[in-house]
Amino acid sequence: MSLVLAGATLALIVCTLLALLRAALGPTVFDRLQAANTVGTSAMMLLALFGFLFGRPEFLDLAITYGLLNVIGVIAVLKFFRQGDLGAAGASTEKKP
Amino acid sequence: MSLLVDIASALCLIAGAFFCLVGAWGLLRMPDFYTRVHAASVLETLGADLILLGLALQAGLTLVAVKLLMIGLLIFFASPTASHALVRAALLSGIKPLLATADSGEASSKP
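**Focus on helix 1 (residues 2-29) of chain B**
Phase 1 of the analysis: With 28 residues, helix 1 of chain B extends 40 Å from end C-alpha to end C-alpha; this agrees with the ideal 40 Å at 1.5 Å per step.
Phase 2 of the analysis: Within the span of helix 1 of chain B, buried status applies to Ser-9, Ala-10, Cys-12, Leu-13, Gly-16, Ala-17, Cys-20, Gly-23, Ala-24, Gly-26, Leu-27 and Leu-28 of chain B.
Phase 3 of the analysis: Turning to helix 1 of chain B, the residues buried within the fold contact helix 1 (2-25) and helix 2 (29-53) of chain A together with helix 2 (33-59) of chain B.

Put into structure tokens, the structure is as follows:
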């Protein structure tokens, strides 16, 4: 059973490396953002698997925090690149013309 | 009974790791931004939830399983929301899908 956990951990490390490669050579900023989101999800799974592999399930709290920060971070960076300001009022896409 | 749960957990973990590898490989190899998001969504929903299901089968009925369920619900709802916001922002900023320009243009792109 520990062998399966170690194999899944190795596969997720490979996933993180592939997503980092995409973030390094992505043409647009959205490619890099998607790669960052994928790295975040892989890191959550890695935290959970490490917790089970080493017998310390307290790492799951770190995984929950990481997931919340991941989603909020992606939305915040999107808003920053769209409007140049994190405090700008929303709903500027419908009434632009 | 314990052996059966172990086998189901191992199958879920192996399938989740396989889907994660497929999603990351598609994120690297796909030709277009939208297809890359499509490939990465496989990792973020199916692969992650299968791995969490495998871990929850090992944990049994404890507090750890509740935490795993919370992580699963968070991923299941928040990750497609982030992907949708990303794709919408990319579409509004003027990135065209690859087939919309290689095909016959505006005549067939909007049915």
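**Overview of the pattern of salt bridges**
Phase 1 of the analysis: Enumeration according to the criterion identifies two salt bridges over all chains in this entry.
Phase 2 of the analysis: Put simply, Asp-31 of chain A and Arg-36 of chain B hold a salt bridge, and the shortest N to O gap is 2.7 Å. Of this pair, Asp-31 of chain A sits in helix 2 while Arg-36 of chain B sits in helix 2, which puts the two residues in different chains. In terms of burial, Asp-31 of chain A and Arg-36 of chain B fall into one category: buried.
Phase 3 of the analysis: Asp-61 of chain A is the partner of Lys-67 of chain B in a salt bridge, and the nearest nitrogen-oxygen pair spans 3.2 Å. One end of the pair, Lys-67 of chain B, is in helix 3 (residues 63-92); the other, Asp-61 of chain A, is in helix 3 (residues 59-83), on a second chain.

**Quick look at the confidence of the model for chain A**
Phase 1 of the analysis: Summary statistics for chain A give a mean pLDDT of 86 and a share of 92% for residues scoring 70 or more.
Phase 2 of the analysis: The secondary-structure element of chain A with the lowest mean pLDDT is helix 3 of chain A, recorded at 88, while helix 1 of chain A shows the highest, at 93.

**Structural notes on the confidence of the model for chain B**
All names here are of chain B.
Phase 1 of the analysis: For chain B, mean pLDDT is 87; residues scoring 70 or higher make up 89% of the total.
Phase 2 of the analysis: Looking over chain B, one finds the lowest element-wise mean pLDDT in helix 5 (residues 106-109), namely 46, and the highest in helix 1, namely 93.
Phase 3 of the analysis: Low pLDDT (under 50) marks residues 104-111, which in the prediction has two contacts with non-local residues, meaning those over four places away or in another chain.

**Considerations on the interface of chain A and chain B**
Phase 1 of the analysis: Taken together, the contacts link 42 residues of chain A with 44 residues of chain B.
Phase 2 of the analysis: Summed over both partners, the interface of chain A with chain B comes to about 3,600 Å²; 80% of that surface belongs to carbon and sulfur atoms.
Phase 3 of the analysis: Its largest share of buried area at the contact with chain B, chain A owes to Arg-22, Phe-30 and Gln-34 of chain A, together 17% of the area lost on that side.
Phase 4 of the analysis: Across the chain A-chain B interface, the total number found is two salt bridges.
Phase 5 of the analysis: Those elements giving two or more residues to the side of chain A that touches chain B turn out to be helix 1, helix 2 and helix 3 of chain A.
Phase 6 of the analysis: By residue number, the principal contributor to the side of chain A that touches chain B is helix 2 of chain A, which donates 14 residues.
Phase 7 of the analysis: Taken together, the residues that form the side of chain A that touches chain B break down as 29 nonpolar, eight polar and five charged.

**A few points about the environment of Ala-24 of chain A**
Phase 1 of the analysis: Looking at where Ala-24 of chain A falls in the secondary structure, it is placed in helix 1.
Phase 2 of the analysis: Through-space distance from the C-alpha of Ala-24 of chain A to that of Thr-41 of chain A is 18 Å; in sequence the pair is 17 residues apart.

**Quick look at the packing of aromatic side chains**
Phase 1 of the analysis: Under the definition given, this model contains six aromatic pairs over all chains.
Phase 2 of the analysis: With centroids separated by 6.1 Å and ring planes inclined at 50°, the aromatic side chains of Phe-30 of chain A and Phe-33 of chain B adopt a geometry described as tilted. Here Phe-30 of chain A, found in helix 2, pairs with Phe-33 of chain B, found in helix 2, and the two come from separate chains. For the pair formed by Phe-30 of chain A and Phe-33 of chain B, the shared burial category is buried.
Phase 3 of the analysis: Residues Phe-80 of chain A and Phe-81 of chain A carry aromatic rings whose centres are separated by 6.1 Å and whose planes lie at 75° to one another, so their mutual orientation is edge-to-face.
Phase 4 of the analysis: An aromatic cluster of three or more residues is present, and its members are Phe-30 of chain A together with Phe-33 and Tyr-34 of chain B.

**Focus on the environment of Gln-58 of chain B**
Phase 1 of the analysis: Within the secondary structure, Gln-58 of chain B is located in helix 2.
Phase 2 of the analysis: Here the alpha-carbon distance between Gln-58 of chain B and Asp-6 of chain B, two residues 52 residues apart in the chain, equals 6.9 Å.
Phase 3 of the analysis: Every residue in contact with Gln-58 of chain B, bar those within four places of it in the chain, is listed here: Met-1, Leu-5 and Phe-52 of chain A together with Ser-9 and Leu-13 of chain B.
Phase 4 of the analysis: A polar atom in the side chain of Gln-58 of chain B sits 3.4 Å from the side chain of Ser-9 of chain B.

Parameters and conventions
- Residues numbered from 1 in each chain as written.
- Chains lettered and ligands numbered in written order.
- Predicted model: local features only at pLDDT ≥ 70, side-chain atom pairs only at ≥ 80, totals over all residues.
- Heavy atoms only, no water.
- Helix = DSSP H or I, 4+ residues; strand = E, 2+ residues; numbered from the N terminus.
- Expected span 1.5 Å × (residues − 1).
- Buried < 20%, exposed > 50% of the residue type's maximum accessible area, 1.4 Å probe, protein only.
- Contact = heavy atoms within 4.5 Å.
- Salt bridge = Lys/Arg side-chain N within 4 Å of Asp/Glu carboxyl O.
- pLDDT = per-residue confidence, 0-100.
- Buried area = accessible area lost by both parts, 1.4 Å probe.
- Nonpolar A, V, L, I, M, F, W, Y, C, P; charged D, E, K, R; others polar.
- Phe/Tyr/Trp six-rings, centres within 6.5 Å; stacked < 30°, edge-to-face > 60°.
- Polar contact = N/O pair within 3.5 Å; in protein donor to acceptor, adjacent residues only side chain to side chain.

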